[in-house]
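# Residue-level structural notes
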Amino acid sequence: MKKLCAVIGNPVQHSRSPEIHQHFAQQFKLDLDYQKLASNETNFKEDVKRFFATGGVGLNVTLPFKFNAFQLADELSEEAQLAQSVNTLYRNASGQLCGDTTDGRGLLNDLLRIKIIQPDQHVLLLGAGGAARSIIPTLLKFGCQVSLINRTPKNAEQLIEEFSHLGTIRLFAPQLDRVEVIINTLPQDGELWLQQFKVTELNNTHVYDISYGERAQTFLKWCKAHQCLSCTDGWGMLVEQAALSFELWHQRRPVTDKLYD
């Protein structure tokens, strides 16, 4: 029987989630129909309810609805509660709407795959918005020290207060911190913030942008020009978080290797 899954967002037409999930489905000979659903703030709740009422099995949630999904879920995973963000929705055996976030674990799995992270490393995170919120708990629980640069220091300080019980997290201090990994969550101008904080000698630093494709290139090209150890976009994060969502929905863990060929 065909299984209906989808990604919901705005915009959503650019999403490559359907091809990723179809690749996973082929591994297990699952008959999968994975769709793209455009929504808006007014209709999001009804669109989600309609999806599951008409036989939907699993729903990925992308920008700008991850907090909306967090508010809508009846039951939340520990990760989703910490991040106040949901990117994966499904119904349990009792019919409750369950919410999880696979963003943080997906990012960590990709960082481990490309071998650029270890516990006790110092990670500089650019940005303190929803994307940062969804990955900070995972980095701290893994054992990294995290420092933040953000346009509005007050927003960064709020995350520091919320997550300090999980590990070492603080505002970035150039005179104190040796940067080993930089993760950019900003949609633009990440390189300008590195220049402002005089983080321009990157020869001992790995750089990762959670965006993928064209959207990540300006930042990564700047870092490469400043001799970073490695530059990686967020394609792997997308793949690895998708694998975790797929496992939640279908109780099968797909192999991701061929999506990096």
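Look a little higher up for the structure.
None of the values given here were measured: they were computed from a predicted structure. (Residues numbered from 1 in each chain as written. Predicted model: local features only at pLDDT ≥ 70, side-chain atom pairs only at ≥ 80, totals over all residues. Heavy atoms only, no water.)

## Some remarks on the packing of aromatic side chains
Each aromatic ring pair is summarised here by two numbers: the centre-to-centre distance and the angle between the ring planes. Across all of its chains, the model carries eight aromatic pairs by this definition. Considering the side-chain rings of F28 and F246, the 5.9 Å spacing of their centres and the 25° angle between planes classify their relative orientation as stacked. Here F246 lies in helix α10 (residues 235–250) and F28 lies in the loop between α1 (17–27) and β2 (32–38), a separation of 218 residues in the sequence. Members of the aromatic cluster, each reached through a chain of ring pairs, are F24, F28 and F246. Here R113 stacks its cationic end above the ring of Y260, 3.5 Å away from the centre of that ring. (Phe/Tyr/Trp six-rings, centres within 6.5 Å; stacked < 30°, edge-to-face > 60°. Helix = DSSP H or I, 4+ residues; strand = E, 2+ residues; numbered from the N terminus. Lys NZ or Arg CZ within 6 Å of the ring centre and 35° of its normal.)

## A closer look at the pairing of strand β11 (residues 206–209)
Neither face of β11 is exposed, since H206 and Y208 on one face and V207 and D209 on the opposite face are all buried. Relative to β11, strand β10 (residues 181–184) runs parallel, the two sharing four bridges. Paired with I183 across the bridge in β11 is Y208. Between the parallel pair β10 and β11, the chain is carried across by helix α8 (residues 190–196), and the sense of this crossover is right-handed. As judged from the three bridges shared by β11 and strand β12 (residues 230–232), these two strands associate in the parallel manner. Its bridge partner lying in β12, V207 is registered against C231. A crossover connection joins β11 to the parallel β12 through helix α9 (residues 214–225); in handedness this β-α-β unit is right-handed. (Buried < 20%, exposed > 50% of the residue type's maximum accessible area, 1.4 Å probe, protein only. Pairing = 2+ DSSP bridges. Right-handed = clockwise from strand over helix to strand, strands pointing away.)

None of this, on its own, says anything about what the molecule does.
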